[in-house]
Amino acid sequence: MQPAQPAYFDADFEFSELEVDGCDFLSTLNVQVSSSTTNSLSSSASPPPGPAWTKFHSDHSSAKFFRPKRYLPQSFSAAIDHLCGLSASPVILEVGSGAGAALFPLLKSLPASTSAVAIDIAPTAIDLLRSQPKFDASLIAAHVCDICVDDLPTPPNTIDVAFLVFCLSAVPPSTFLSTLIKIRNVLKPDGMICFRDYGLYDMTMLRFKPFQHVVDFTFRRGDGTLSSFFELEATKALFVEAGFDLVEAKYALVKNVNKKTGQCMRRCFTSVVAKVKPPQNC
Ligand SMILES: C[S@@+](CC[C@H](N)C(=O)[O-])C[C@H]1O[C@@H](n2cnc3c(N)ncnc32)[C@H](O)[C@@H]1O
């Protein structure tokens, strides 16, 4: 018998319900919504994010800070179906795996022969991932790797599906495009990418103070890590520019009610599933 699917919500309210507060917030920062994602964040002006993430994972060494993202197989169903339909054993990549809160629920919904390459900038994250009871070293290769700087530890044309879950928001915006291109280069010609990250006007965006604003929709948290928020049209354009054809791209809009306080939190996530664009016939 198939295990029961967890409830999955992604359309609890309309995006327009976020726009009044969101536009007010941006006008205090003097930032316009535009379809540009290419504004740079000067690397010389900003501390490198690696040490902040290394400290983050050693401060949360129980690996329970990020709850298992059991909704991911449903939100990426097109890619999961692709992986389940392959005749050979699937190979997946997760960029910015942390301790595995996305990777393990994804692997659970895939054939048992699926192997994974997991990378993270923080050695402490990779140690935590390797220490998880579900970590199977015969199937998961975990590497310390900075997606902005290092080559991926997997050759071109080896990955069926790459997952980028709440990681692009952590890298400088000037590296968004090169990150996607680097991932595309290791995908097989029929490979896919699945992206989920903070959406424009997510509740957590509107909580940042003006002094935390870095550039466009990017903020720096108190611990030194970056947090970018993804406007849908600009994100679609970014994936197309990086050489992908869009399969699905949307805001996932989720209402969370705090059971203790009754406070309603409106979360906005940007979700993209895309496949490698075939080479153009000349
Ligand atoms: C918000 S956590 C998400 C972890 C996991 N994907 C999940 O959904 O639970 C972001 C992760 O990206 C990693 N990260 C940040 N910058 C990175 C970079 N330049 N290269 C690789 N990993 C990075 C961080 O160490 C962290 O583990």
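Residues numbered from 1 in each chain as written. Predicted model: local features only at pLDDT ≥ 70, side-chain atom pairs only at ≥ 80, totals over all residues.

Novice: Just to check I follow, could you spell out the nonpolar core for this structure?
Specialist: The nonpolar side chains of soluble globular proteins are, as a tendency, buried together. By size, the foremost hydrophobic cluster in this structure holds 62 residues, and its most contacted members are Val161, Ala162, Phe163, Leu164, Ile193 and Cys194. When residues of this core are assigned to their parent elements, the largest contribution, six residues, is made by strand S4 (residues 159–165). Tyr198, Tyr201, Phe229 and Phe269 belong to the second-largest nonpolar core, a separate cluster that totals 12 residues. (Core = buried A, V, L, I, M, F, W, Y, C linked by C-beta atoms within 7 Å. Buried ≥ 20, exposed ≤ 12 C-beta atoms within 10 Å, placed from the backbone. Helix = DSSP H or I, 4+ residues; strand = E, 2+ residues; numbered from the N terminus.)

Novice: For this particular structure, what's the right way to read the packing of helix H2 (residues 50–59) against helix H6 (residues 123–130)?
Specialist: A pair of packed helices is characterised by two quantities: the angle between their axes and the separation of those axes. Relative to each other, H2 and H6 sit at 35 degrees, their axes nearing to 7 Å. Here H2 contributes Trp53, Thr54, His57 and Ser58 to the contact with H6, which in turn contributes Pro123, Thr124, Ala125 and Leu128. In terms of residue class, the contact of H2 with H6 is built from four nonpolar, four polar and no charged. (Axes fitted to C-alpha atoms, helices over the stretch in contact; angles between N-to-C directions. Contact = placed C-beta atoms within 7 Å. Nonpolar A, V, L, I, M, F, W, Y, C, P; charged D, E, K, R; others polar.)

Novice: Help me out: how do you make sense of the environment of lysine 182 in this one?
Specialist: Secondary-structure assignment places lysine 182 in helix H7 (residues 176–186). On the basis of neighbour counts, which here come to 18 C-beta atoms within 10 Å, the residue lysine 182 falls in the partly exposed class. It is 16 Å that separates the C-alpha atoms of lysine 182 and valine 144, two residues lying 38 residues apart in sequence. Those residues in contact with lysine 182, other than ones at most four positions away along the chain, are Ile147 and Leu152.

Novice: Can you walk me through helix H4 (residues 77–84) in this structure?
Specialist: Structural remark: α-helix, 3.6 residues per turn; residues separated by three or four positions point the same way. Taken together, the buried positions of H4 are occupied by Ala79, Ile80 and Leu83. The buried residues of H4 occupy one face: seen down the axis, they fall within an arc of 100 degrees. Looking at the buried residues of H4, the elements they touch are helix H3 (72–75), S4, strand S5 (187–198) and strand S10 (264–276). (Arc of directions from axis to C-beta.)

Novice: Help me understand the sheet that holds strand S6 (residues 213–215) in this model?
Specialist: In sheet architecture, strand pairing relies on hydrogen bonds along the backbone and comes in two forms, parallel and antiparallel. The strand order S6-S7-S8 describes an open sheet built from three strands, whose pairing is antiparallel. Looking at strand neighbours, the two that pair on one side only are S6 and strand S8 (226–228), the edges of this open sheet. Neighbour-to-neighbour, the strand axes of the sheet open up by a mean angle of 35 degrees, direction not taken into account. Of the pairings in the sheet, the one linking strand S7 (residues 218–220) to S8 comprises three bridges and is antiparallel in character. (Pairing = 2+ DSSP bridges.)

Novice: Can you walk me through the site of the ligand in this structure?
Specialist: Contacts to the ligand come from 23 residues, most closely from Trp53, Gly96, Gly98, Ala101 and Ile121. Partitioning the shell around the ligand into residue classes produces 17 nonpolar, three polar and three charged. (Near = placed C-beta within 6 Å.)

Novice: Hey, could you run me through the environment of leucine 226 in this one?
Specialist: Mapped onto the elements, leucine 226 comes out in strand S8. Leucine 226 sits in the buried class, given 21 other C-beta atoms within 10 Å.

Novice: Got a minute to help me understand H2 in this structure?
Specialist: For H2, every residue scored as buried is listed here: Trp53, Phe56 and His57. An end-on view of H2 places all buried positions within 90 degrees of arc, on one side of the element. More than 90 degrees from the buried face of H2, the exposed residues found are Pro51 and Asp59. If you follow the buried residues of H2, they end up packed against H6.

Novice: Which parts of the structure should I look at to understand the packing of H7 against helix H9 (residues 232–241)?
Specialist: One way to put it is that H7 packs onto H9 with a least axis distance of 9 Å and a crossing angle of 45 degrees. It follows that H7 is oblique to H9 by the angle criterion. The way H7 lies across H9 gives a crossing that is right-handed. Across the interface between the two elements, Phe176, Leu177 and Leu180 of H7 pack against Leu238, Phe239 and Glu241 of H9. (Parallel < 35°, antiparallel > 145°, perpendicular 65-115°, else oblique. Left-handed = near helix turned anticlockwise from the far one by under 90°.)

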